[in-house]
Structure formats: structure tokens, C-alpha cells
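# Survey of secondary and tertiary structure
Here's the letter readout for the chains.
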Amino acid sequence: MLSFLSNFKHSQEMRESKDEILIGELVRAMSRLQAPAVGFYAGTGQQTIKFKPINDPVLNSVLLTVDRKTGGSALSQAVIGSKATVIIQAEVKNYLADPDDLIHMYKTDLANMFKIPMLGDTRLDHQLNSILATKKVLIDIDTYILKGEESANLTTQFLNGLLTELRQKLQPYKKG
Amino acid sequence: MSEEHDQIFVGLVKESWKHFNETLNNTRMDDLLVGAVITSMVEQGYALIDLNSDGTNHFLRFEWLQTKQRVIFQLRNLAEDLLTAKVMGRKANVTIGYGEVVQNTQAVFGALRAEVKSQYLDAGEPGVITCDADLTSGYIYVQVPLILDLDQYFGANWSVNSALLQKHIYATVQALAKYLRGRLSA
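Just so it is clear, the model here is predicted, and its values are computed rather than measured. (Residues numbered from 1 in each chain as written. Chains lettered and ligands numbered in written order. Predicted model: local features only at pLDDT ≥ 70, side-chain atom pairs only at ≥ 80, totals over all residues. Heavy atoms only, no water.)

### So, empty space enclosed by the protein
All names here are of chain B. A complete count under the given rule lists 1 cavity of 30 Å³ or more for this structure. The space that makes up the largest cavity amounts to roughly 50 Å³. In this structure, the largest cavity is lined by Leu33, Val37, Phe73, Leu75, Val94, Ile96, Leu148, Leu165 and Ile169. A per-class count over the lining of the largest cavity returns 9 nonpolar, no polar and no charged. (1 Å grid on protein atoms, 1.4 Å probe; cavity = no way out; pocket = protein on both sides within 12 Å on 5 of 7 lines; lining within 4 Å. Points joined across faces, edges and corners; volume = space filled by probe spheres on them. Nonpolar A, V, L, I, M, F, W, Y, C, P; charged D, E, K, R; others polar.)

Structure, rendered in C-alpha cells:
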């Protein structure tokens, strides 16, 4: 091969491409939700994509991680189907610099967060000036792919529901 | 520390965030392009079937699942450095390929013969259409390198002109498909 064709895995079967097809649907759905993809990170058996919600009053960024659980082989595909864990992490970033405001935030919001790190099935955490809400969902990949506009609508609804939930939980921590 | 000093400090931090974000946005331009290409292709009805990167180049492969027609991309940001982006504008090297399954191996070899003969030519020049084949999967591709001005697709505040990108990709894929069929029937 003369060109960049050698960079692709040519022998892979359709069931092995389901992760990528799902990634494509997630990127399209987030784009419809006014959050373009701004980062792609590939790990062993999982893909993480970073999105930037445009003009969102609360969220600064959203990370989606797709971790394929089953269906990589023909046998597990036939017996269990194609399941994946989708981990969604929404971030609020506070651009506080005033020392008085920072001290207040550390004494109230962040101290309270250590007392209740779980809100329902959502985990709250903070790193420097970011507050993070993380939720993990197990999905059947086949529900969200290969059905054209139906897949697009289902994926958009699924993600919109998760984002609304995380946004509500993070709203009290948005400052400034 | 007086209130006045607090305000000076707040101003310095705010200014720092502005510079930091400007640089960060520019280095993320290639990932923004990858995302925009995926969105455009999936909106057109293609399925993303492969996505990988060597750190500099990003490779995407899509398939129209009913007909098995494939479109491949190699994307490289030419202005990751902010100074280059400001002086030259934001540009990307984008190679687009179009492939079909071909049963007639003689036609494949016929189409490839010219490329093998001219392998010493610089096929990286924009607009030069070349043929290539993946004989294990039976696909033959034609591809063309382009240099695209990213400023026409990406505005301030991460906004994306998806309609224009979709139109440009569609026009390129149609031209490549026409060329491939012409070469195979020659």
C-alpha cells in the first residue's frame, strides 16, 4: 500500500467496529446539543472524548468514556449482546481569584462535598477550581446505532437526560 | 492586603486565563476538526468504523453500510503553534480517500499500474489524485490531498460551520467516486 491505508485495521469485522460506530453517534448527538468534540483520547479497550458545551451557563466541559464490556467476540456477541459502560463526567469551572471568595468556597461548598460525595448515583468531586459530577451507565450498544435518524434521536435524548441531571447537581457550585 | 490589591490580583488572573485559553484553543484545533468531520459524515449517513492517531496525524474511516463504500481521512493541523496560526491563519492538511469493493482484480492492478510507475513523484502535492488498494479486503481507493483553511469552518467560542464542511466533503467524495469509476472502466 502506498498511502495512509496501512493505518487502518483492515481485517476487523463489523461487531469489532461497534465501539467506533457508537463513538460516531455520540459525537453527532453532542454536536446537536451544541457541544462540539474538542479532544479524543484512546486507552486500552476504551475511548474518551472531551466536549465543549457552547454558551452553557453551568458546564465548562463534558467527558464521555465508552468502555466496551461484551460483544468483542462472536460468542459473547451472540449470547450477551454488545454492552458498554458510558461514563459521563461534567465539569463546572469557577474562575474565582478574589482571596475572600476562594476562602469562602473552600470553607463551605468543598467542605460539604467531602461529607456527601454521592448524590444519588452521581459522584461529586473537585480538583483545584473544577467541580466534577460523574455518572456511570450500562447501555446496550445496538439500541443507539445503525438505525439512522432513530439512533440519532435516541442518542441525543439519552445524553440530554444525563446532562440535565448533572447540570442540576452542579448548579449550586457554579460561582461568578 | 487592601481591596485595591485584591482587584489588581483578580485582573492579572483573568488576563492569564484569556492567554491560556487562546493557546489551548489553538492546540485543540485538530481535535475540533476530527469531531467536525465525524459529525459531518455521520449526518450524511456514514458510520464511523475506525478512528486512530499517531500523535500528529489523525485517521478516520467511514462506511456506507448498505453499499460498503468507504471514505477515509488523514488530518493534520498545520498551525498548532499560536504564532503560525496568527500569521498564516489556521490551516490543515486533509487527505480524503474514497473506496469501493472491486471483484475484478485485473481492473485493480490496471488502475494501480500507473501509480507504481510514478511512485517517485511527489503525491503529497494538493489536488493530485492517486489510486491505492487494500488487496486483503478487496478495496480500491482514490485519494486526494488538500490544504484547508480552518478559519472558514471554526469561529470564535468553538462554533462550527458544519453545513460548509459537509458541503466541501460531499463535493470531494463525489469527485473521487467519479474518478474511481472512470479509472476502473478505462
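### Remarks on the interface of chain B and chain A
Taken together, the contacts link 45 residues of chain B with 39 residues of chain A. Summing the contributions of chain B and of chain A, the shared interface buries around 3,600 Å²; its carbon and sulfur component is 63%. Together, Trp17, Leu51 and Trp158 of chain B form the three largest contributors to the area buried by chain B at its contact with chain A, with a combined 14%. Taken together, the connections running from chain B to chain A amount to 2 salt bridges. Summed over the shared surface of chain B and chain A, the number is 4 residue pairs in polar contact (both at pLDDT 80 or more). (Contact = heavy atoms within 4.5 Å. Buried area = accessible area lost by both parts, 1.4 Å probe. Salt bridge = Lys/Arg side-chain N within 4 Å of Asp/Glu carboxyl O. Polar contact = N/O pair within 3.5 Å; in protein donor to acceptor, adjacent residues only side chain to side chain.)

### Thoughts on the sheet that holds strand E2 (residues 58-64) of chain B
Consider a sheet: its strands pair through backbone hydrogen bonds, and that pairing is either parallel or antiparallel. Residue and element names in this part refer to chain B. If you trace the 6 strands from one edge of the open sheet to the other, you get E1-E2-E3-E4-E6-E5, paired in antiparallel fashion. Sheet topology places strand E1 (47-53) and strand E5 (130-134) at the edges, where each strand pairs with a single neighbour. Within the sheet, the average angular offset between the axes of one strand and its neighbour, ignoring direction, is 25°. Summarising the sheet, E5 and strand E6 (residues 139-149) pair through 5 bridges and their orientation is antiparallel. In the sheet register, Asp132 faces E6, and the bridge partner there is Tyr141. (Pairing = 2+ DSSP bridges. Helix = DSSP H or I, 4+ residues; strand = E, 2+ residues; numbered from the N terminus. Axes fitted to C-alpha atoms, helices over the stretch in contact; angles between N-to-C directions.)

### A look at unusual backbone geometry
One non-glycine residue, Asn55 of chain A, lies in positive phi territory at about 55°. In this structure, Asn55 of chain A sits in the loop between strand E2 (46-51) and strand E3 (61-68). Phi is positive for Lys68 of chain B, which is not a glycine, with a value near 70°.

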